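Examination of the molecular architecture
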Amino acid sequence: MGPLDLQLTVDPAQVGPNQVHLYLFDAKSGAAFAGTKELKVRAGLPGKGIGPLDLIVHRAGPGHYVADAVTLSLGGDWRLQVTDRVSDFDEYATTVKAHV
């Protein structure tokens, strides 16, 4: 994601309720990234025509964000679109695949 590294986990990565954890790091220093102004996450299951659905994320610590109670109703290859706005004009985005 531009000058950032993203680590994303879906727990327990099974059909039903899940948590999504996102960790953002400065790619050069490896330090937790603290410059996020707004983080958006959308989840979709394109193979089944679901989404993308907006996930509500909250800050859980430096560079750490969590989406609680994410219900993944079907198994398959979910796509999580992550967009990190770092200023009024700059944002970085990527798509991560999570198998459920």
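Heads up: the structure comes first, above all this text.
Residues numbered from 1 in each chain as written. Predicted model: local features only at pLDDT ≥ 70, side-chain atom pairs only at ≥ 80, totals over all residues. Heavy atoms only, no water.

All right, on to the nonpolar core then. Counting residues in hydrophobic clusters, the biggest one holds 23 residues, and the most contacted among them are Leu8, Val10, Val20, Leu22, Leu55, Leu80 and Val82. Secondary-structure elements contributing two or more residues to this core are strand S1 (4-11), strand S2 (16-26), strand S3 (38-45), strand S6 (64-72) and strand S7 (77-85). Once residues within four sequence positions are removed from consideration, Leu55 is found in contact with Val20, Val41, Ala43, Ala67, Val70 and Leu80. (Core = buried A, V, L, I, M, F, W, Y, C linked by side-chain atoms within 4.5 Å. Buried < 20%, exposed > 50% of the residue type's maximum accessible area, 1.4 Å probe, protein only. Helix = DSSP H or I, 4+ residues; strand = E, 2+ residues; numbered from the N terminus. Contact = heavy atoms within 4.5 Å.)

Any two side chains of opposite charge can pair, so long as their charged atoms come close to each other. Summed over all chains, the structure comprises two salt bridges. The shortest N-O distance in the salt bridge between Arg85 and Glu38 comes to 3.3 Å. Taken as a pair, Arg85 in strand S7 and Glu38 in strand S3 lie far apart in primary sequence, 47 residues in all. Residue classification places Arg85 among the partly exposed residues on the basis of a relative accessible area of 25%. Residue classification places Glu38 among the partly exposed residues on the basis of a relative accessible area of 34%. In this structure, Asp54 and Arg42 form a salt bridge, with 2.8 Å as the shortest nitrogen-oxygen distance. Placement of the pair is Asp54 in strand S4 (residues 50-55) and Arg42 in strand S3, with a sequence separation of twelve residues. (Salt bridge = Lys/Arg side-chain N within 4 Å of Asp/Glu carboxyl O.)

All right, on to the sheet that holds S1 then. Read from one edge to the other, the open sheet built from four strands follows the order S1-S2-S6-S5, with strand pairing classed as antiparallel. Each edge of the open sheet is held by one strand with a lone partner, namely S1 and strand S5 (58-61). Strand-to-strand twist in this sheet, taken as the mean axis angle between neighbours without regard to direction, amounts to 30°. Taken together, the three bridges between S5 and S6 define a ladder with antiparallel strand orientation. Paired with His58 across the strands is Val66, a residue of S6. (Pairing = 2+ DSSP bridges. Axes fitted to C-alpha atoms, helices over the stretch in contact; angles between N-to-C directions.)

Structurally, the position occupied by His21 is in strand S2. Exposure remark for His21: the relative accessible area of 15% places this residue in the buried category. A polar contact of 2.9 Å, which involves the side chain of His21, links it to the side chain of His64. Setting aside anything within four residues of it in sequence, one finds His21 in contact with Gln7, Leu8, Thr9, His64, Tyr65 and Val66. (Polar contact = N/O pair within 3.5 Å; in protein donor to acceptor, adjacent residues only side chain to side chain.)

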